[in-house]
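The primary structure of each chain is shown beneath.
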Amino acid sequence: KLYINPAALPEMFHKLASFKEVYINTDVNALRALVNVLFSKKSYNVSRFYSRDFEKELIALLQANEFDIIQMEGLHICLYIPIIRKYSKAKIALRAHNLEYVIWERLAETERNPIKRFYLDILAKRLVNFEIKAVKAVDFIVPMTEVDAETFREMAEETSLFVSPI
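What you see is a predicted model; the values in this text were computed from it and never measured.

Regarding the confidence of the model for the protein
Counting all residues, the mean pLDDT for the protein is 91, and 99% of those residues have values of 70 or more. Per-residue pLDDT, averaged within each element of the protein, yields its smallest value for helix α2 (residues 30–39) (85) and its largest for helix α5 (residues 81–87) (98).

Here it is, written out as structure tokens:
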């Protein structure tokens, strides 16, 4: 979600992993948001993180390597679960930083402008649908709090879960 220059990372990170960067413009675009709400049922919060270039790099990485576990940091990367399943036999873990839809529900509930509240409510509903599908599609969920874990257990009863605070 936020750009980090790999060269600026401490040396320790370069010893542990290799990095490939793909730029994705995730800025909110009013016109795209409007088109999304009118002509799509997908979550704009998530769909703006899709990149064909990233997908190509991910496929190349999965074809060149064999992984036991692929850990996704946050909900937005769950867009790529079908690609991971197609090109890898790895188990998929979702490191859930929070329940994304809850944040948007709260924003909608506290918004005073009725038009904005209506729009935020649409975003929250689409996001909860995506989040439910995502947690059911992964093999493990690793939330940061027991409070979030309870909701994840309700969303995906069959999915393994381990709470791991920061």
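Quick look at the packing of aromatic side chains
Throughout the structure, instances matching the rule amount to two aromatic pairs. Aromatic side chains Tyr50 and Tyr80 sit 5.9 Å apart centroid to centroid with 20 degrees between the ring planes, which places their arrangement in the stacked category. Of this pair, Tyr50 sits in the loop between α3 (44–47) and α4 (52–64) while Tyr80 sits in the loop between β1 (69–73) and α5, and the two are 30 residues apart along the sequence. Under the relative-accessibility criterion, Tyr50 is labelled partly exposed at 38%. Chaining the aromatic ring pairs together yields one cluster made of Tyr50, Phe54 and Tyr80.

What about the environment of Trp104?
Counting through the fold element by element, Trp104 comes out in helix α6 (residues 100–110). Judged by its relative accessible area of 22%, Trp104 is partly exposed. Along the primary structure Trp104 and Asn45 are separated by 59 residues, whereas in three dimensions their C-alpha atoms are 9.6 Å apart. Those residues in contact with Trp104, other than ones at most four positions away along the chain, are Asn45, Leu120, Leu123, Ala124 and Leu127.

A few points about a nonpolar patch on the surface
A cluster of nonpolar side chains, namely Leu31, Leu34, Val35, Leu38 and Phe39, defines an oily patch on the protein surface of about 560 Å² accessible area. Tracing the backbone shows Phe39 in helix α2.

Overview of helix α8 (residues 146–155)
Since the α-helix advances by 3.6 residues per turn, residues separated by three or four positions end up pointing in the same direction. Taken as a whole, α8 has its buried residues at Asp148, Ala149, Phe152 and Met155. Taken around the axis of α8, the buried residues stretch over an arc of 115 degrees, which confines them to a single face. Exposed and facing more than 90 degrees away from the buried side of α8 are Val147 and Glu154. Buried residues along α8 sit against β2 (91–96), α6, α7 (114–137), β3 (140–143) and β4 (160–161).

Procedures and definitions
Residues numbered from 1 in each chain as written. Predicted model: local features only at pLDDT ≥ 70, side-chain atom pairs only at ≥ 80, totals over all residues. Heavy atoms only, no water. pLDDT = per-residue confidence, 0-100. Helix = DSSP H or I, 4+ residues; strand = E, 2+ residues; numbered from the N terminus. Phe/Tyr/Trp six-rings, centres within 6.5 Å; stacked < 30°, edge-to-face > 60°. Buried < 20%, exposed > 50% of the residue type's maximum accessible area, 1.4 Å probe, protein only. Contact = heavy atoms within 4.5 Å. Patch = residues over 30% accessible without salt bridge, like charges linked within 9 Å, V, L, I, M, F, W, Y side chains within 5 Å. Areas by Shrake-Rupley, 256 points an atom, 1.4 Å probe, with all protein chains shown as cover. Salt bridge = Lys/Arg side-chain N within 4 Å of Asp/Glu carboxyl O. Arc of directions from axis to C-beta.

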